[in-house]
Structure formats: C-alpha cells, structure tokens
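# Fold and contact review
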Amino acid sequence: GKSTKKQISKSVLIMASMNPGTTEGTGNGEGQHTETPTTVANIESVELPANGNAKETGSGLMAAGPIIVKRRKNLGGALKSNKKTSNNMLVAIRIRPLNQRELGLRDYDIIRVEDNLLIVLDPVEVELESEKKKSKDVLFRSKEQRYAFDLIFPQTADQEDIYDKSVSHLISQVTSGYNACVFAYGPTGTGKTYTMLGNDETPGVMVLTVKSLFSFISSQKNKVFELVVSYVEIYNETIRDLLTVRGNYLDLRDDPIKGVTLAGVSEIRAETIDQVMRLLHSGNRRRTTEATNMNQTSSRSHAVFQISLVQRDKTMDTELKYLQGKLSLIDLAGSERGTVSENRGLRLREGAKINRSLLALANCINALGDKSKKGFFVPYRDSKLTRMLKDSLGGNCKTVMIANVSPASSQFEE
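The following refers to the structure shown. Note that this is a predicted model, so its numbers are computed, not measured. (Residues numbered from 1 in each chain as written. Predicted model: local features only at pLDDT ≥ 70, side-chain atom pairs only at ≥ 80, totals over all residues. Heavy atoms only, no water.)

## Quick word on the overall build of the chain
For clarity, the cut-off: A run of H or I in DSSP becomes a helix once it reaches four residues, and a run of E becomes a strand once it reaches two; helices and strands are each numbered from the N terminus. Note on exposure labels: buried denotes an accessible area under 20% of the residue type's maximum, exposed denotes more than 50%, and partly exposed covers the range between, all computed with a 1.4 Å probe on protein chains only. Should any heavy atoms of two residues lie within 4.5 Å, those residues are counted as being in contact. Each accessible area is a Shrake-Rupley estimate made with a 1.4 Å probe; only the visible protein chains count as cover when residues are assessed.
Counting its secondary structure elements, the chain contains 13 helices and 22 strands. Considering the chain as a whole, with its 414 residues, one finds that 41% of them fall into the buried category. When contacts within the chain are restricted to residue pairs at least 6 apart in sequence, those whose partners lie at least 24 apart make up 67%. A total of about 24000 Å² of accessible surface is found on the chain, and carbon and sulfur atoms cover 50% of it.

## Examining the pattern of salt bridges
Using the following cut-off: Any carboxyl oxygen of Asp or Glu that lies within 4 Å of a side-chain nitrogen of Lys or Arg is treated as forming a salt bridge with it.
Taken as a whole and assessed by the stated rule, the structure comprises 12 salt bridges. Here D254 and R381 are joined by a salt bridge, their closest N and O atoms 2.9 Å apart. Of the two residues, D254 sits in strand β15 (residues 249-255) while R381 sits in the loop between α12 (346-369) and α13 (384-388), which places them 127 residues apart along the sequence. Residue E271 pairs with R269 through a salt bridge whose shortest N-O separation is 3.6 Å. On the basis of relative accessible area, E271 is assigned to the exposed category, the value being 54%.

## Notes on the pairing of strand β9 (residues 117-120)
Put simply, the test is: Whether two strands pair comes down to DSSP finding at least two bridges between them.
Note that strand β8 (residues 111-114) and β9 share four bridges and pair antiparallel. When the sheet's bridge partners are listed, V113 is paired in β9 with L118. Counted between consecutive antiparallel strands, the loop separating β8 from β9 contains two residues, among which D115 sits at a positive phi close to 55°. Pairing of β9 with strand β10 (residues 145-148), which is carried by four bridges, proceeds in the antiparallel orientation. Looking at the pairing, V120 lines up with Q145 of β10.

## With respect to the side chain of K192
The following threshold applies: In the analysis that follows, any N or O atom pair within 3.5 Å is treated as a polar contact, provided that within protein one partner can donate a hydrogen and the other can accept it, and provided that, for residues neighboring in sequence, both atoms belong to side chains.
Counting through the fold element by element, K192 comes out in helix α8 (residues 192-196). A polar side-chain atom of K192 sits 3.5 Å from the main-chain carbonyl oxygen of G186. Excluding anything up to four places from it in sequence, K192 contacts A184, Y185, G186, P187, D331, L332, A333, G334 and N404.

## A look at helix α6 (residues 159-166)
Stated precisely, the cut-off is as follows: The arc in question is the one spanned by the directions pointing from the helix axis to the C-beta atoms.
All of the buried residues in α6 are Q159, I162, Y163 and S166. Seen end-on, α6 carries its buried residues on one side only, within an arc spanning 95°.

This is the structure we're talking about:
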C-alpha cells in the first residue's frame, strides 16, 4: 500500500542522514568485538525520539534526538538447514508392497524411485519386457509418467522412519502455537489406516505423535499443559462422535472467538499415553468399515483425531497468557472408481460421497497453493471436512500429506 511505501522511504531517509560510521557490535565467540554495519536491508524497526520532532535537511530527514534502530535477526541459515520449516506444505509418498490379492492376479511392480522422483512405468512395457519382446515390434505408445515429491518412502520403510522424516517436525510447531494437520490420502486398499494407526507391534503416526507430545510435556518443568482430544468420523457428509457409545451426530457451528466448532463433541482431557491409546482403539471399533472388492475392511468414512494443546507459565503474572496449538490427524476414506471396485447400491453412493469430499479438499488446497490468485475465494463450505479443518489449512498453518500408493500394474490409473 501507499502508507507502507512512505514508511520505508522515511526509514531510508533517516538512515541516510545518520552518521555513516554508525555500527553495531557483535561477539564472535572468542571475546573479540567485530563491527557489523547497519544497513536498510537488516532494519526491523526505527524509533524516533519521544518528542517525534524531525527537521528536513539537504540530505533528508534529521531527527532532533537519538534514533534507536532495531536490527532484524539473520534467519537465513536456520531456514536453509531444514526445508520442512520453510514450507507450509509437505507431500510424501508411501509405496506399500504387493498384497496377496495382487500377487494372485500376477500383477507387476511398475514403480521405480530415484531420489525424490517417482517413475510409474507403463504396464504394457513391463509385460513386453517380461516376454522378451521389443516395444517397437508392437504398435505402441509409452504411458510412462514421472512425478517429483518432497519425500518418497519405498516398500521397506517402517512406521518410525515415516514419522521421523515427515511428521515429527510438527511437534515443535504445535507447541509454539501453530495449527497443523496430517492427511493420509490415496486410493482404497493402499494402507492409509495402517499408516495412521498401525497395530500393536508397529504403531502408526497417531500413536507416535501422542507419545512425542507427552515426552515434550514431561520435559517442560516451568509450564502447565492441558491436552484435550476429540475423535469424529465424517460419513456420507454427516459427522458422528466416535468417543461416545451412542455415536451422536454433530453439527458445525461458527463461533466468533473459537472459529468453526463442533456442537456437543466429546472433548476429553488426556493425562496419560495409555488413556489416549484406549480412546483411539475404542473410537476405531465404532468407525464405519465395509468389505469391498478392493479391500476387506475398507474405511467408508474420514476419521479426524484432533489434539488441542494449551500451555501457560507456572508462575502467575498480572496477566494470564495462554499459548494454544491444534494438531489434526486425518485418515481419509479411499478414493475409488466404480468400474474397478464394482460397487452397487449403498456402497456406490458411499463412494460418490467420498469422491465428492476429496474433490472439495483438492479444490481448497489448489486455491490456497495458487500464488497467482492471492486473496482468491477458497471453497471451504463445499464439504464438512474442509469446513471443519478451515483453521488448519490456510495462513501459516503446517500441512503434511502422506499419499499411499500400490505398485501393482492393475493400479496404474490410480
């Protein structure tokens, strides 16, 4: 805006009128004193004298008293050292091994990985190769595709490796008061629920995140923490509470202070890790799952596990200051094509609702990520999922998407 330009030009004139020899000392760690010049590039703010008087001279503005210049800290090295802190969005791919069904159908492994490049081979090419035929002998056009991602986890990657490299950095963000969310995304039957929940031997992202949060809380002796959890599912665009036996249906409400909230949702204050584990397992037993041609225990709903962390100092001050962050862990229902899953009746209608919800999520992420449309309308209200996660997607929130894929040749389109 115009006012911003005036302020900047005023700062430049003041700096021009100052003594060119003005410097600020910094220590180099060996007891020596080095001089760092104060330039316009590293100015954070300029404070004029209390009386605010300034007179104009030939070289610019001259203040009637001492000028206090606060230098901006150099954060360049810290940002370059860790890419995950400089970007709000991180997209990772997890490739699962071929399952028994795919091995029975004699599917080929058509995925190759080179650093952060994912290569999806043409299944026809792989088949011709196995039969020792050359593609030029057949009227054929290759459909090989290449994609680049932030992280790619091969079939040998374990749960802890995925958590450490893609999700663990969110703990420091949430404890600093930021909102964050983690999605498990992908076609049906690719291992999204396993990635988020795991099992007793290999716990998933949700379990490892809770353990890390409690570990952080126990290390902070001078602060008081309150950790509150809720667990809901979105099935056919209706929201159901998974932490109650009755499974009450919930409505979204717009609160002027809290933002979008769920009216009547069970919010349980968690004291121990075991308590959270019991809540997770009991909630999963109530989740809607059905058998399909693609997966015997296909999740037919989006499961949203939210952790709200509130912290304050132990020592009471004249003003009570709270720092609140929220982490949403979402196990999305799998996208599916009716021609492949061969669903009929209720299963087909469920699939249509799931695909519609995932499309709304994709539209929101595209609108937020398109820098050419800054300030453009973001369609949060197109689905219950995006409206519920409105305060965890935009702005300076941190988002991680773990897309799960199958390497089978029959899954080439997915």
